[in-house]
Each structure stands twice: as structure tokens, then as C-alpha cells.
Amino acid sequence: MSQRLKQGLLFSSLTFFVAAYLRAAENSPQTVSVKIETILASNQSGEFDSRLKALEKQLRVLKYRSYRLLKEESQNVPSQGSASFEIPGGRSLIVWLQDFRNQQVALKVRLQGGQKPLLDTTIRLPNKGNFILGGPPHDGGVLVLSISANAQ
Amino acid sequence: MKNCDSTRESLGAWLDGELDRAESEAVRVHLEGCVACKEERRQLEKLQAALKSVLDSEASRIAFPPFWSSVQQRITEKSAWREDLVDWLRSVFSGPRIAWAIPAVILLLLGVLSGDSLVSGFRNFGQRNNFASVESIDAYGRNVALLREDETKTTVIWLYQNQEGEDESTTETRPSF
């Protein structure tokens, strides 16, 4: 076998294994870190919690006067698995990781008041992106949840 | 049996011992029976002898030792990894087309096999690093609003609910977006 043919085959093999690895990595089960930031939004004062700086532009969309971070919690959710987050006011948020593909994370999210489901939603997030779930009343204002996902 | 033309074409190689056994034997047999080719051979041998005598007389004047030492040095010299890499890349790029055809076919196959990913990738291209997309919402009979705000790429799901969890008439829980 000629030297050039050997090199060609070596190069082909490397290309194949790299491509196969990348495809496997794309489709392999992922663990996704889901972060819930629980925020109290109200019109009682003009306070803006400095810990929410990264979310300020998004929160200003809601047009409340004050925003305060009540709780921040992250959990690793395995593929097809779920995680439960306690939310102030006896509520809870359950997050299922449905899919991770093309840098998009599909989550099923359930907000519960006690054992009673309040809202179910399925949402597809860009990796490291977030969405806002708000509305439940709490302590003279409303709860705003920032739900973000980071596939590792 | 060789003819004169083909014998004369092979004569130089035959004299230098470069022909294979059968070819060499065919030339020898032809030369034994052909006066013209035998004369051609004699002329060629005479020319080679003349050239050799000239080269031999000139060779003594050429300084070969420095030349050979330089050649030997270049052979034994360990080349830098960059040179090795450049040599390897050059050999790959100038290699037979099959060297590129194989990875091209592999990539094509992978592309076809992962067609669904590519299609969904193109479909989601506009959404990448952009908006979160809501696929379904069930608020169990409560009012719910969905807001997508372009400037901050924000997706908001707003559930209307009062302290008791059922009455949606209070304005305190309503955002003003």
C-alpha cells in the first residue's frame, strides 16, 4: 500500500471518528442545569435588587416598580428526568427535561399550588437561555420566576 | 522475435542492464542475427566508452567530499515538527483524489443520516440564541397570557391568579405590559 494511500485512509478514519463523536455528543443524553430565580415584583417601592442585574432588561418588560430576589436554586436534571423546586407561598415547580437537540433544551414545566396543578407548559429554550413565568400573588406583589437551562 | 526498430529502442537499456530477463534475451537473440543492429550496438558502446573516459578524467577535479558530507548531513538531520507537518499536509493535499473522496463520502452519509437534525436545525435557526418558544400551555381553566418581547428577546408566560388562587378579577396581579 502506498504511503499516500495510507495517509489518505488515516485521514479518512480520523474524519469519520471525529464526525461520529460529534454526532454522538449531539444526541447523547445530557444533564441540564436548570436554575430558578424567584423574584417578588411589586409597585410598593422603587427598589431594584442588584443581584438581578443580569435580568434587569427582561424584568423591566413587566413594568413593575420594584423587584427583589427571594430565592435562587439550581438543580441538575438528567435526560427524561425531573427536578422539583420549592416556590414561596406553598407552591412548587416541577421541571422535566424532555429533549436536548441542536442546542435547544425542551422542558416541561408544571407550577403547583400545594398538590393542585396551576399551569403546565412545554417550552423550548436556547441553551443558556431563559423564560419568565409570572403571576402568582405573594406578599403584596406577584412572583416572577426566571427559568433558565444550561446544558453541560 | 524482436524487429530492428524495437531492438534499437531497447538497446541503450540493454547495455545498461535495465531490461528484464525475457526482454534482454530477445535483444541478444536479435543482435546475433542482425548485422545492422550489431553495428548500432557497436556505435553505441563506442559512444558510451568515449563519454566514460571524459567523465573519468573530469571527475578527479570535482570536490565530492564536501558535497557528500552536505547530503549526509541533510539526511541525518532531524527535521522540525513544523516541517514534518508541512510535509504531511503537502502529501495529503497532493495525494490521490481517493484521499479526499473517502471523507467526503463519509460526511455526505452522515449528513443524510442526520437529515432530521439538519432540517430541525434549519427550522430552529431563527430561534437559536433568540426566543424561547412555547409549545403548549395548559392553565387548567385560568387566564394566561403569552408575551414575546423583541428587544430583550424575552418570553413571558403570565398566569392570572389572586391570593385565593381562583379569582382573576383583581388588578394587583396584572402586569401592565
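This is a predicted model, so every value here is computed, not measured.

1. What about the overall build of chain A?
Move 1: Each helix and strand in chain A was counted, giving 2 helices and 8 strands.
Move 2: Listed N to C, the secondary structure of chain A is α-β-α-β-β-β-β-β-β-β in terms of helices and strands.
Move 3: In chain A, which comprises 152 residues, the proportion classed as buried is 34%.
Move 4: Long-range contacts, defined as pairs at least 24 residues apart, comprise 45% of the intrachain contacts of chain A with a sequence gap of at least 6.

2. As for the overall build of chain B
Move 1: Check the secondary structure of chain B and you find 7 helices and 3 strands.
Move 2: By the burial criterion, 10% of the 177 residues in chain B qualify as buried.
Move 3: For chain B, the share of sequence-separated contacts (at least 6 apart) that also reach a separation of at least 24 residues comes to 30%.

3. Concerning the sheet that holds strand β5 (residues 104–113) of chain A
Think of a sheet as strands paired side by side through backbone hydrogen bonds, with each pair either parallel or antiparallel.
Move 1: The antiparallel open sheet is built from 5 strands, whose spatial order is β3(A)-β4(A)-β5(A)-β6(A)-β1(B). Since the sheet does not close on itself, it has two edges, and those belong to β3 (82–87) of chain A together with β1 (133–138) of chain B, each with one partner. Sheet twist, expressed as the average angle between the axes of neighbouring strands with direction ignored, equals 20°.
Move 2: Sheet topology places β5(A) next to strand β6 (residues 116–126) of chain A; 10 bridges connect them, and they run antiparallel. Pairing of A:Arg110 across the sheet is with A:Asp120, part of β6(A).

4. What about helix α4 (residues 64–76) of chain B?
Move 1: Between its first and last C-alpha, α4(B) extends 18 Å over 13 residues, near the 18 Å set by a 1.5 Å rise per residue.
Move 2: Taken across its 13 residues, α4(B) has 0 buried, putting it largely on the surface.

5. What to know about the packing of helix α1 (residues 4–15) of chain B against helix α3 (residues 35–59) of chain B
Packed helices, taken two at a time, are described by the angle their axes make and the gap between the axes.
Residues and elements named next belong to chain B.
Move 1: As a packed pair, α1 and α3 sit with axes 10 Å apart at the nearest point and diverge in direction by 30°. Judged by the angle between their axes, α1 and α3 are roughly parallel. Between α1 and α3 the crossing geometry is right-handed. Residues Cys-4, Thr-7, Arg-8, Leu-11, Gly-12 and Leu-15 of α1 touch α3, and the partners they reach there are Ala-36, Cys-37, Glu-40, Arg-41, Leu-44, Glu-45 and Gln-48.
Move 2: Of the residues assigned to the contact of α1 with α3, the class counts are 6 nonpolar, 3 polar and 4 charged.

6. Re the nonpolar core
Generally speaking, nonpolar side chains in soluble globular proteins are found buried as a group.
Move 1: One finds A:Ala41, A:Leu93, A:Leu107, A:Phe131 and A:Val144 to be the most contacted residues of the largest nonpolar core, which totals 42 residues.
Move 2: Ignoring any residue separated from it by four or fewer positions in sequence, one finds A:Phe131 in contact with A:Ile123, A:Leu125, A:Ile147, B:Ala132, B:Thr155 and B:Ile157.

7. Structural notes on the packing of α1(B) against helix α2 (residues 21–33) of chain B
Residue and element names in this part refer to chain B.
Move 1: Direction vectors running N to C along α1 and α2 enclose 115°, while the axes themselves pass 10 Å from each other. Note that α1 runs across α2; the crossing there is left-handed. Between α1 and α2, the contacting residues are Thr-7, Ser-10, Leu-11 and Trp-14 on the first element and Glu-23, Ser-24, Val-27 and His-30 on the second.
Move 2: Across the contact of α1 with α2, the residue classes break down as 3 nonpolar, 4 polar and 1 charged.

8. Section: the sheet that holds strand β2 (residues 144–149) of chain B
Move 1: Strand order in this open sheet of 6 strands is β2(A)-β1(A)-β8(A)-β7(A)-β3(B)-β2(B), and the pairing throughout is mixed. In the strand order of this sheet, the two ends are held by β2 (66–78) of chain A together with β2 of chain B, each with one partner. The sheet shows a mean angle of 20° between the axes of neighbouring strands, taken without regard to direction.
Move 2: Bridge analysis of β2(B) against strand β3 (residues 154–159) of chain B gives 6 bridges, and the strand direction is antiparallel. Residue pairing in the sheet places B:Leu146 in a bridge with B:Ile157 of β3(B).

9. A few points about the confidence of the model for chain B
Residue and element names in this part refer to chain B.
Move 1: On average, residues of chain B score 78 in pLDDT, and 75% of them reach the 70 mark or higher.
Move 2: Note on residues 165–172: pLDDT is under 50 here. Beyond four places in sequence and across chains, it has 8 contacts.
Move 3: The ipTM value of the predicted complex is 0.80, and its pTM value is 0.54.

Parameters and conventions
- Residues numbered from 1 in each chain as written.
- Chains lettered and ligands numbered in written order.
- Predicted model: local features only at pLDDT ≥ 70, side-chain atom pairs only at ≥ 80, totals over all residues.
- Helix = DSSP H or I, 4+ residues; strand = E, 2+ residues; numbered from the N terminus.
- Buried ≥ 20, exposed ≤ 12 C-beta atoms within 10 Å, placed from the backbone.
- Contact = placed C-beta atoms within 7 Å.
- Pairing = 2+ DSSP bridges.
- Axes fitted to C-alpha atoms, helices over the stretch in contact; angles between N-to-C directions.
- Expected span 1.5 Å × (residues − 1).
- Parallel < 35°, antiparallel > 145°, perpendicular 65-115°, else oblique.
- Left-handed = near helix turned anticlockwise from the far one by under 90°.
- Nonpolar A, V, L, I, M, F, W, Y, C, P; charged D, E, K, R; others polar.
- Core = buried A, V, L, I, M, F, W, Y, C linked by C-beta atoms within 7 Å.
- pLDDT = per-residue confidence, 0-100.

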